[in-house]
Amino acid sequence: MGLRAMAASASPEELSDEELLSRAARASEKAPDFSATLSVEQSLIPAQLLEAAGQEDGFAASGPQTVRVWYGGPERLRAELQGENGDRVFVQNAERAWAYDGTTNTLKTRERPSEPKASELPHAKNPLSPVEIDEMLAELAPTSELAQGSPVSYAGREAYVLTLSPKDKGSTLVDRGRALIDSETYLPLQLSLYAEGSPDPVFFWRVSDIDVGPVPAERFDFQVPPGAEVVPSDEGREERPEPEVRSADKPRDVETVAEAQRLVDFEIGELASPPGGRELTGVYLKGADGVVLTYGSGWGTVVLAEAPQEGGATSPASRPGATGDPTLPTVDLGGGVEATQLSTAVGAGLRWSTGGVSYVLAGSIPASELERAARELQ
């Protein structure tokens, strides 16, 4: 048995929650070369939405989706997503990148810059520091339980087990989230999300057939398939300045709804009967003319976002039934107003427009509770 195999099968050292999270946050900095199979299965996003977005065979599709990954350092990566209508392949090395779509037999390729921009560097975003992790855990403590279970063997590796769950189970549709963290590399081996009352996860991401060690250099080269249409992705592209995040685009909290009302040009609506008797806990300005109200806290927070309707009250979208995505079901809010509804096992959302104002109401609660609250908007 090799040294790597012995390390992978050895009992993990005992770590505090803080230290384990710190190592996991920094795992990508020191990730070794490896190959693995990744699988994803989810039941959150409705099939009709995926079909409308052309993602019925993509990585977010409802059925199990599998991708094979080879990693050879920050500049070398290969990923092959298997699909019924053709595979999709992405390859990059230090000199070039390729993106092949087997469903259309097209290949996009481009040269990689010799000196990548700072935003493109793999470690441009600093991982969480120990102080930031302590602050994050302090913020989670009032509403969440973080528990570390006994280490388990998974995919031939020893793994730490972390579970995050809400303290108030009655305030949310989420039961728990669970992660398996590799004891050698501290990379995630499995991520799963469970809804209330469901024994099976509604989202499941897992690694299998993982092999930690050198990857042959030829894996990070790509041969053009016969008959493929080659489209240089650099063609027609102009160098664009790095986008700047304006301070006005970041939500800014204000003390009261009355204060926010003085700063926007539309009448702010409030929930007369917030779901479950939740109290107003936050008022925020979003951008130049948007307002966000929060009711409740933690996992059970309900969010109401409002902004002037694009095109005004006389736009086609203001007509009953014209608002929102046609692939989603609609619900009648009364007064000739219809809202599009997205309902999942862990939460729901409504979107509608009336009187020249657009609204989004969302939370980890049943859609029926959101509907009742929306009908009593003041």
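Predicted, not measured: the structure shown is a model, and the values here were computed from it.

Reading the values: the criteria
- Residues numbered from 1 in each chain as written.
- Predicted model: local features only at pLDDT ≥ 70, side-chain atom pairs only at ≥ 80, totals over all residues.
- Heavy atoms only, no water.
- Helix = DSSP H or I, 4+ residues; strand = E, 2+ residues; numbered from the N terminus.
- Buried < 20%, exposed > 50% of the residue type's maximum accessible area, 1.4 Å probe, protein only.
- Contact = heavy atoms within 4.5 Å.
- Pairing = 2+ DSSP bridges.
- Axes fitted to C-alpha atoms, helices over the stretch in contact; angles between N-to-C directions.
- pLDDT = per-residue confidence, 0-100.
- Phe/Tyr/Trp six-rings, centres within 6.5 Å; stacked < 30°, edge-to-face > 60°.
- Lys NZ or Arg CZ within 6 Å of the ring centre and 35° of its normal.
- Core = buried A, V, L, I, M, F, W, Y, C linked by side-chain atoms within 4.5 Å.
- Salt bridge = Lys/Arg side-chain N within 4 Å of Asp/Glu carboxyl O.

**Student:** Help me out: how do you make sense of the overall build of the chain in this one?
**Tutor:** When you go through the chain residue by residue, the secondary structure sums to 6 helices and 20 strands. Residues counted as buried form 38% of the 378 residues belonging to the chain. Of the contacts made within the chain by residues no fewer than 6 positions apart, 51% connect residues no fewer than 24 positions apart.

**Student:** Would you explain the sheet that holds strand E13 (residues 252–254) in this entry?
**Tutor:** The strands that make up a sheet are held in pairs by hydrogen bonds between backbone atoms, and each pair lies either parallel or antiparallel. If you trace the 8 strands from one edge of the open sheet to the other, you get E13-E14-E15-E16-E20-E19-E18-E17, paired in antiparallel fashion. What marks the edges here is a single partner per strand, and that holds for E13 and strand E17 (330–334). Between one strand axis and the next, the sheet turns by 25° as a mean value, whatever way the strands run. As paired strands, E17 and strand E18 (residues 337–344) are joined by 4 bridges and run antiparallel to one another. Bridged to Thr 330 within E18 is Thr 340. Running at roughly 25° to strand E19 (residues 347–354), helix H6 (residues 367–375) makes contact with strand E16 (302–308), E17, E18, E19 and strand E20 (357–363) of the sheet.

**Student:** Whenever I open this one, the confidence of the model for the chain confuses me. Can you help?
**Tutor:** Should pLDDT be low for a region, the predicted coordinates there are not to be read in detail. The pLDDT averaged across the chain works out to 83; a share of 80% of its residues lies at or above 70. Within the chain, the element-level pLDDT minimum falls on helix H1 (residues 3–9), averaging 49, and the maximum on strand E9 (residues 174–182), averaging 96. Note that residues 52–60 has pLDDT below 50 and, in this model, 21 contacts with residues that lie over four places away or in other chains. In the model, residues 116–124 has pLDDT below 50 throughout and makes 12 contacts with residues more than four positions away in sequence or in other chains.

**Student:** How should I be thinking about the sheet that holds strand E5 (residues 96–101) in this particular structure?
**Tutor:** One open sheet holds the 12 strands; their spatial order is E7-E8-E9-E10-E11-E1-E2-E3-E4-E5-E6-E12, and the pairing between them is mixed. The open sheet terminates on both sides in strands that have one partner only, identified here as strand E7 (144–154) and strand E12 (229–232). When the angles between neighbouring strand axes are averaged without regard to direction, this sheet yields 15°.

**Student:** How should I be thinking about the packing of aromatic side chains in this particular structure?
**Tutor:** Aromatic ring pairs: the centre-centre distance and the angle between the two ring planes describe each pair. Summed over the entire model, instances satisfying the criterion amount to 5 aromatic pairs. Ring centres of Tyr 100 and Phe 222 lie 6.0 Å apart, and the angle between their planes is 40°; on these two criteria the pair is classed as tilted. With Tyr 100 in strand E5 and Phe 222 in the loop between strand E11 (203–212) and E12, this residue pair connects regions lying 122 residues apart in the sequence. Their ring planes at 15° and their centres at 6.3 Å tell us that Tyr 160 and Tyr 186 sit as a pair that is stacked. With Tyr 160 in strand E8 (residues 157–166) and Tyr 186 in the loop between E9 and strand E10 (188–195), this residue pair connects regions lying 26 residues apart in the sequence. For Tyr 186, a relative accessible area of 12% translates into the label buried. An aromatic cluster of at least three residues, connected via ring pairs, comprises Trp 98, Tyr 100 and Phe 222. The lysine or arginine in question, Arg 176, covers the ring of Tyr 194, its NZ or CZ lying 3.8 Å from the ring centre.

**Student:** Which parts of the structure should I look at to understand the nonpolar core?
**Tutor:** Counting 31 residues, the largest nonpolar core has Leu 20, Phe 34, Tyr 186, Leu 189 and Val 207 as the members making the most contacts within it. Looking at this core, the elements that each hand over two or more residues are helix H2 (17–25), strand E1 (34–42), strand E2 (65–71), strand E3 (77–81), helix H4 (130–140), E8, E9 and E11. Excluding anything up to four places from it in sequence, Tyr 186 contacts Glu 13, Leu 15, Leu 20, Arg 23, Ala 24, Ala 27, Tyr 160 and Ile 181. Ile 268, Leu 285, Ala 373 and Ala 374 belong to the second-largest nonpolar core, a separate cluster that totals 29 residues.

**Student:** Just to check I follow, could you spell out the pattern of salt bridges for this structure?
**Tutor:** Note that side chains of opposite charge can pair when their charged atoms are close. Under the counting rule described, the total for this entry stands at 11 salt bridges. We note a salt bridge from Arg 96 to Glu 111, for which the minimum N-O separation is 3.9 Å. Here the residue Arg 96 occupies a position in strand E5, and Glu 111 occupies one in strand E6 (residues 106–111), the gap between them amounting to 15 residues. Among the residues examined, Arg 96 registers a relative accessible area of 26% and is labelled partly exposed.

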